[in-house]
Amino acid sequence: MIPELGQVALILCLMLALAQMVFGFAGAATNRANWMAVVKPAAIGQMVFATLSFATLVIAFLQDDFTVSYVANNSNTALPTLYKVAAVWGAHEGSLLLWVLVQSGWTCAVALGSGRLPQVFSSRVIATLGFVSVGFLLFILLTSNPFWRMMPGAFEGQDLNPLLQDFGLAVHPPVLYLGYIGFSVAFAFAIATMLGGDLNTQWARWTRPWTTLAWLFLTIGIALGSWWAYYELGWGGWWFWDAVENASFMPWLIGTALIHSLAVTDKRGLFKSWTLLLSILAFSLSLLGTFLVRSGVLVSVHSFASDPERGLYILIFLGVVVCSALLLYALRAHRFDEQGHFDLVSRETALLVNNVLLVSAAFVVLFGTLYPLINEGLGLPKVSVGEPWFNAYFVPLALLLMASLGIGMHTLWRVSNTNSLVRRLRWLAVVAVIAALVLPSLFFGRTAVMTVLGTAAALWVILSTASELWIRYRTNGNVRMPRAMVGMLVAHVGVALCVAGVTYTSAYSDQRDVALKAGESYTLGNYSFELQTVKQVEGPNYVAQEATVGLAYKGKSLGVLKPQKRLYRVQKSPMTESDIHARLSRDVYVALGADLGNGSYSLRLQIKPMVRFIWLGALIMALGGFLALTDRRYYLERRAVEAGSKARTA
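Residues numbered from 1 in each chain as written. Predicted model: local features only at pLDDT ≥ 70, side-chain atom pairs only at ≥ 80, totals over all residues. Heavy atoms only, no water.

With that settled, the discussion passes to the domain arrangement of the protein chain. The domains assigned to the protein chain are domain 1 (2-294 + 301-340 + 350-358) and domain 2 (510-609). Once you take the C-alpha centre of each, domain 1 and domain 2 turn out to be 40 Å apart. Tallying the contact residues gives 18 residues for domain 1 and 18 residues for domain 2. Buried surface at the junction of domain 1 and domain 2, summed over both partners, amounts to about 1400 Å²; 49% is from carbon and sulfur atoms. Taken together, the connections running from domain 1 to domain 2 amount to zero salt bridges. Its residues placed into classes, the side of domain 1 that touches domain 2 shows nine nonpolar, seven polar and two charged. (Domains from an automatic or database assignment. Contact = heavy atoms within 4.5 Å. Buried area = accessible area lost by both parts, 1.4 Å probe. Salt bridge = Lys/Arg side-chain N within 4 Å of Asp/Glu carboxyl O. Nonpolar A, V, L, I, M, F, W, Y, C, P; charged D, E, K, R; others polar.)

Set out below in structure tokens:
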């Protein structure tokens, strides 16, 4: 009866989501407090039943209940417990149930955290989130029910996709979904603002922490996906402009623009219409990403579904959400006329440039991702848009963005003194350029134009951040500043480290595919690799050939690496499990290839300088987002709103 309980819980979720949508919108429109009072309990109840439904599917996997079709298709009695849990979201139906769980979690959090907001406004926000939940709940119940029974049940399961039997990809989807779906909160705040026609900027202050939290999760989720692709796929790539990678990168770019635009709207009351539009676009691109991953319209190592008919539902739902939101925007955006002015040299201008560059970069990624699909859909010859095209158009925008970051953090609201700004920054620019010309040749013996530009961009942002801290210390005797400002500076340093990692691992990575017999060695740069043994080992649901490779640097032993070539028993899928000798300054990467016969094996050997800076930078960006979240001003503002509401009531 466990699966049936999960299905009943989903139906109750749908009823509660409908209640919060209908009573929320109708109550706000008619100003009926008793109707609006329904939405928060309904949101909390939806979370309870979504959790119950999800838990029942987890139990079905843990109990190897192969009468449930979804369990039989994605699990096996020999599958380790961790991956039985991860298998819950390892395919189409379960991933949508995870979406519903996360969506209900965000909705519940907003319901519990909006007690200090005006009732009409919060009712519209929760009703909008209810509308999103209704769409996905109908999708699951009508087309993608993970609780469907099959009788008689299977004797044994078909096992989980071997690509997913990894800790990184067990964690990656939930974290990524927390980011994707988190942007629905910013979307809901924007819809509520436009429906109410509120001309003040309180909504921007209320939206900022929710948007920052969603961006934080999406940043970590993208980093986890990149890390998984790097060590799991066996070729050492950390990003290759795959369409599914792009699907998460686009909302991240728009979400980054939204965070900066919200700051301007909150502080200065400017960019109101633009901020509302970005809120719509961020969530719309999240839905587009879901369509690309779950529709089967593209082929990707990250895409584990192939069902265009069910993908059509997501496309229709995406069209309804986007078109209705943009129609409302067209009807109401003119009410949010800009008031106030700013000089050409000001923080507002710097943030505007930042937004233009981020949105342009997102458009480049969107065009490059969709163009082959559109071309194929129109019956035109198939085309491929790969790394060279993306690098040609995206990298210049990224470099301009880095230049803007270094300048923008030193500008002031309304107007900045141009001469003072030039005096403050000119020597930083000189130092960054000179260091970029010298350092690559000094450490690697050669350089190139893109290496110089990437190094200069990273150093420029880091030096600008350090200069900002020094100026504050020299002026005030300390570096105290609001947590949001601290978070901004930390996140910008993270961006710089990420750019440095991308620059150096792209320019100076070294790779060889070699054939070795036991006892033979190969030298790559200053590193020596000796194939010592190759033996067969067994795992819980696979057999593998495991190589023992001795690693030495300039004759000094660094230990051994043990890459594997696995064959999973049920799906008969060969998988490469690399082994990595990691240091902050570089990775030494070894992957075992095929048995070539006569005792010879193919090995892929790689030296990847500074590749860890990519993920270190992402973590530091996320830390910056977390620090911004802890800014007390957000919560003091909420208390002021609550006090104002009580005063009006009295």
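That covers the picture; the talk isn't over yet.
What follows is about the pattern of salt bridges. All told, the structure shown has 12 salt bridges when counted by the stated rule. When the shortest N-O distance is used, the salt bridge between R268 and E348 registers 2.5 Å. Separated by 80 residues along the polypeptide, R268 in helix α10 (residues 243-268) and E348 in helix α13 (residues 347-377) bring together distant segments of the chain. Each member of the pair, R268 as well as E348, carries the same accessibility label: buried. Put simply, E4, D65 and R149 are held in one network by salt bridges that share partners. (Helix = DSSP H or I, 4+ residues; strand = E, 2+ residues; numbered from the N terminus. Buried < 20%, exposed > 50% of the residue type's maximum accessible area, 1.4 Å probe, protein only.)

Note the cis peptide between M151 and P152, where omega equals -5°. The residue P152 is located in the loop between α7 (119-143) and α8 (167-196) in this model. Backbone geometry places N31, a non-glycine residue, at a positive phi of 60°. Here N31 lies in the loop between α1 (2-30) and α2 (33-36). Given the relative accessible area of 55%, N31 is considered exposed. A positive phi angle is found at K554, which is not glycine, with a value near 50°. Mapping K554 onto the fold places it in the loop between β4 (542-553) and β5 (556-561).

Before going further, it helps to examine the packing of aromatic side chains. Under the criterion given, the structure shown has 34 aromatic pairs. In this structure an aromatic cluster arises from ring pairing among W215, W241, F249, W252, F363, F367, Y371, W389, F390, Y393 and F394. When the ring centre of W35 is taken as reference, the NZ or CZ atom of R32 above it lies at 4.5 Å. Above the ring of W413, the side-chain terminus of R347 is found at 5.8 Å from the ring centroid. (Phe/Tyr/Trp six-rings, centres within 6.5 Å; stacked < 30°, edge-to-face > 60°. Lys NZ or Arg CZ within 6 Å of the ring centre and 35° of its normal.)

Below, the discussion takes up the packing of α8 against α10. The packing of two helices is summarised by the inter-axis angle and the distance between the axes. Running from N to C, α8 and α10 point in directions that differ by 45°, and their axes come no closer than 11 Å. Here α10 runs oblique to α8, going by the angle between their axes. Of the two elements, α8 crosses α10, and the hand of that crossing is left-handed. Side by side, α8 and α10 meet where L176, Y180, F183 and A186 of the first sit next to A247, S248, P251, G255 and L258 of the second. Here the contact of α8 with α10 is built from residues that sort into seven nonpolar, two polar and no charged. (Axes fitted to C-alpha atoms, helices over the stretch in contact; angles between N-to-C directions. Parallel < 35°, antiparallel > 145°, perpendicular 65-115°, else oblique. Left-handed = near helix turned anticlockwise from the far one by under 90°.)

The next thing to look at is the side chain of S75. Within the secondary structure, S75 is located in the loop between α4 (69-74) and α5 (81-86). The buried category is assigned to S75, whose relative accessible area is 0%. With near-sequence residues (within four places) excluded, S75 lies in contact with F61, D64, F66, K84, G157, Q158, D159 and L160.

Right, let's talk about the environment of S53 for a bit. Of note, S53 is situated in helix α3 (residues 39-62). Residue classification places S53 among the buried residues on the basis of a relative accessible area of 0%. In this structure, the C-alpha to C-alpha distance between S53 and Q7, residues 46 residues apart in sequence, is 6.8 Å. Residues within four places of S53 in sequence aside, it is in contact with G6, A9, L10, L97 and F147.

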